[in-house]
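# Close look at the chain arrangement
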Amino acid sequence: VIANKALRKHGDQFVKVHVNLDERSYDILIGSDFAAVLADSVVSGSRVLLVTDSNVNAIYGDDCEAALRAADLKPFRVVVPAGETTKDLSFVAKLYDESGKAGLGRKSCIAALGGGMVGDLAGFVAASYLRGVKFLQIPTTLLAMVDSSVGGKTGINLPHGKNLAGAFYQPVRVGVNLRTLESLPEREYISGLAEVVKYGVIWDAELFGRLEANSDAVRNRDPDFMAETIARCCEIKAQVVAMDERESGVRAILNFGHTLGHALENVVGYGALSHGEAVAVGMVYAARLSVEERGLDTKECDRLIELMIKLGLPVSLERAGIDDLSWSEVRMAMSSDKKSQDSVPFLVLARELGSVVFGCEVSEEQLEAAYRAVTLKEG
Ligand SMILES: NC(=O)c1ccc[n+]([C@@H]2O[C@H](COP(=O)([O-])OP(=O)(O)OC[C@H]3O[C@@H](n4cnc5c(N)ncnc54)[C@H](O)[C@@H]3O)[C@@H](O)[C@H]2O)c1
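Before going into details, it helps to say that this report is about the structure given with it.

Thresholds, definitions, all that
- Residues numbered from 1 in each chain as written.
- Predicted model: local features only at pLDDT ≥ 70, side-chain atom pairs only at ≥ 80, totals over all residues.
- Heavy atoms only, no water.
- Helix = DSSP H or I, 4+ residues; strand = E, 2+ residues; numbered from the N terminus.
- Contact = heavy atoms within 4.5 Å.
- Phe/Tyr/Trp six-rings, centres within 6.5 Å; stacked < 30°, edge-to-face > 60°.
- Buried < 20%, exposed > 50% of the residue type's maximum accessible area, 1.4 Å probe, protein only.
- Near = heavy atom within 4 Å.
- Polar contact = N/O pair within 3.5 Å; in protein donor to acceptor, adjacent residues only side chain to side chain.
- Areas by Shrake-Rupley, 256 points an atom, 1.4 Å probe, with all protein chains shown as cover.
- Nonpolar A, V, L, I, M, F, W, Y, C, P; charged D, E, K, R; others polar.
- Salt bridge = Lys/Arg side-chain N within 4 Å of Asp/Glu carboxyl O.
- Core = buried A, V, L, I, M, F, W, Y, C linked by side-chain atoms within 4.5 Å.

Here Gln137 lies in strand E6 (residues 134-139). Not counting residues up to four positions away in its chain, the partners in contact with Gln137 are Ala112, Gly119, Ser148, Ser149, Pro171, Arg173, Val174 and Gly175.

On to the environment of Ala213. Counting through the fold element by element, Ala213 comes out in helix H8 (residues 205-213). Taking the C-alpha atoms as reference, Ala213 lies 39 Å from Pro81; in sequence the two are 132 residues apart.

This paragraph deals with the packing of aromatic side chains. The final tally for this structure, using the stated rule, is three aromatic pairs. Geometrically, the ring pair formed by Phe34 and Tyr60 is edge-to-face, given 6.0 Å between the ring centres and 70° between the ring planes. Of this pair, Phe34 sits in helix H2 (residues 34-38) while Tyr60 sits in helix H3 (residues 54-70), placing them 26 residues apart in sequence. Judged by relative accessible area, Phe34 falls into the buried class, the value being 4%. The class for Tyr60 is buried, based on a relative accessible area of 12%. Where Tyr96 meets Tyr129, the ring centres are 6.1 Å apart and the plane angle is 25°; that geometry is what we call stacked.

Let us now look at the site of the ligand. Taken together, 26 residues form the shell around the ligand, and within it Asp53, Glu84, Thr140, Thr141 and Ser183 come nearest. Taking Thr140, its side chain carries an N or O atom lying 2.8 Å from a nitrogen atom of the ligand. Interatomic distance of 2.6 Å between a side-chain N/O atom of Thr141 and an oxygen atom of the ligand. For the ligand, the accessible surface in isolation is 870 Å², of which the surrounding protein chains cover 88%. When contributions to the shell around the ligand are tallied by element, the ones reaching two or more residues are H3, helix H5 (116-128), helix H6 (142-148) and strand E8 (161-168). A total of four residues in the shell around the ligand trace back to one element, the largest contributor, which is H3. Per-class residue counts for the shell around the ligand are eight nonpolar, nine polar and nine charged.

Take the side chain of Thr259 next. Relative to the helices and strands, Thr259 resides in helix H11 (residues 258-268). A relative accessible area of 13% places Thr259 in the buried class. Those residues within four positions of Thr259 in sequence are excluded, and the remaining contacts are Met334, Pro345, Phe346 and Leu347.

What follows concerns the pattern of salt bridges. Side chains carrying opposite charge are able to pair once their charged atoms draw close together. Under the counting rule described, the total for this entry stands at 25 salt bridges. Across the pair Lys87 and Glu84 runs a salt bridge, and its minimum N-O distance is 3.7 Å. Taking the relative accessible area as the measure of exposure, Lys87 reaches 3% and is therefore buried. By relative accessible area, which is 29% here, Glu84 ends up partly exposed. Within this structure, Asp62, Glu65, Arg69 and Arg77 form a network of salt bridges that share partners.

Moving on to the nonpolar core. Of all hydrophobic cores here, the largest spans 87 residues; its most connected members are Ile30, Leu142, Val197, Ile230 and Tyr285. In terms of residue count, the dominant contributor to this core is helix H10 (residues 223-243) (eleven residues). Dropping the residues within four chain positions of it, Ile230 is found in contact with Ile30, Leu142, Met145, Val146, Leu178 and Leu181. Of all hydrophobic cores here, the second largest spans 23 residues; its members include Leu95, Ala112, Met117 and Phe135.

This is the structure in structure tokens:
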């Protein structure tokens, strides 16, 4: 049983992180059971389409549905196949259909129980069904807890590429049941750690230091340590999103490591490389460019690499199990990224651990040289 210090410290059943977005503000409740984080729900009394995937449903579907009933809601469960290919238009259509069958009205709610795939898909449906019904995020992967469930980005993949159709749509609540982490496959857990490390680099050098000092606790999913860490990551994301909800400026810092990361995911194909693994290699790439372009101390770049190795994250393409990926292919994928303009990628680079700059343009030579550095064979 997770009875963690963070919760005891607050003398409560959950830790609360507020996301301040005026009339779209909401709370992230982080606790150790569904009932605690879904009780006193802001959507009390209404119908809820509970969307989950086949893996998550088998472990948590019943518990979560019971907690929603206990919170005085009327859940209708829909189970979609697990896996990224479900995040597409055909399942949007299926969920519209299920929303109709469940009789959802404007005051009803769609809840996403699962990882980022379910969250993005169900969120997109919630944003568009009846021009918007309430949306409840119940994340069950580390990535979803610290990243995708917070901040309101929803969307689906199109045949042309990933996340090409979407909407900014904030949930009314994020309910994190930390115990769901216990069943998360190791590769998924480690993948989520890339985003955790990212928050240390972009915002909080102290968090970075705590991860270094407690890497075993992190690897072992120590409930106390992870509860505090997840809460801190949510706080950082909440602060960044509150400053720039629609990514017209500072929110771009959340993309540290993602320029190369997205390109690798695109070229290698989703599945061979998880999002977190691609971002981990992308962070090393960005850190190497930061040394050249923004005066990041090489010792800090090395600390990042060492921490990621300790956490089991890949720091080169070779360590990610990827062989021979030509720079021209990767560069082309960078050009077609949503965040590039006229084929020029704008990068997030670090001045020091805990402080980054966004919108950095880098010469073609530097872009390629840093790529060589992450593809070097280690012998
Ligand atoms: N909206 C955003 O801001 C944002 C940010 C980052 C990523 N994303 C999106 O998130 C998606 C990736 O999310 P993800 O990494 O959570 O993957 P995912 O949702 O596909 O989940 C990964 C796997 O873990 C399983 N799973 C989930 N929770 C589990 C649990 N507690 N125990 C056992 N198995 C469990 C799932 O069934 C799945 O097989 C991508 O589609 C990506 O585009 C969105």
